[in-house]
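Given next are the chains, with one letter for each unit.
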Amino acid sequence: MIELSHLSAVDRVAELGYWIGPPFRGHGYATEAARAMCEVGFRTLRLHRIEAGALARNHASIHVLEKAGLRHEGVLRERVRIGGRWLDRVWLARLAG
Ligand SMILES: CC(C)(COP(=O)(O)OP(=O)(O)OC[C@H]1O[C@@H](n2cnc3c(N)ncnc32)[C@H](O)[C@@H]1OP(=O)(O)O)[C@@H](O)C(=O)NCCC(=O)NCCS
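Residues numbered from 1 in each chain as written. Predicted model: local features only at pLDDT ≥ 70, side-chain atom pairs only at ≥ 80, totals over all residues. Heavy atoms only, no water.

Enquirer: I would appreciate a short explanation of the pattern of salt bridges in the present structure.
Expert: Between side chains of opposite charge, pairing is possible as soon as their charged atoms come close. By the definition in use, this model includes 4 salt bridges. Among the ionic pairs, Glu39 bridges to Arg43, the shortest N-O distance being 2.4 Å. In this pair, Glu39 and Arg43 both sit in helix α1 (residues 29-44), 4 residues apart, roughly one turn of the helix. Overall, Arg43 belongs to the exposed group, its relative accessible area being 62%. The closest approach of N and O atoms between Glu73 and Arg49, which form a salt bridge, is 2.8 Å. Of this pair, Glu73 sits in strand β4 (residues 71-82) while Arg49 sits in strand β3 (residues 49-55), and the two are 24 residues apart along the sequence. One network of salt bridges, in which partners are shared, links Glu39, Arg43 and Arg94. (Salt bridge = Lys/Arg side-chain N within 4 Å of Asp/Glu carboxyl O. Helix = DSSP H or I, 4+ residues; strand = E, 2+ residues; numbered from the N terminus. Buried < 20%, exposed > 50% of the residue type's maximum accessible area, 1.4 Å probe, protein only.)

Below, the structure written as structure tokens:
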């Protein structure tokens, strides 16, 4: 699954999110899909900015976003609560052009 959500026609921004079934991970599918979705976002939807968040410990996802051309913008400290623990979230984005 891959999607562009929270799309704003005014700001021409959308959020990238994805999930790969466990048996299919580690084959480059998420990277391929993220790159393709960026092309759709910038070329077809004429977005100005595509952004994404990931748990700071989700190194595979952060790597996927980096390979799709997104750049680090910051850390949202203790933004998510999982199993009673507060976890940091990182935020990345890619601009058109
Ligand atoms: C994150 C996720 C989408 C990655 O999917 P995938 O198809 O395995 O990703 P790819 O194979 O395209 O790329 C993964 C990259 O991360 C790297 N990677 C994997 N585990 C890693 C780790 N623990 N630390 C650093 N890099 C890691 C891989 O080596 C690969 O990089 P490479 O191509 O340079 O070798 C998948 O694990 C998933 O669906 N996880 C659960 C849902 C999720 O986290 N979604 C994202 C929410 S932000």
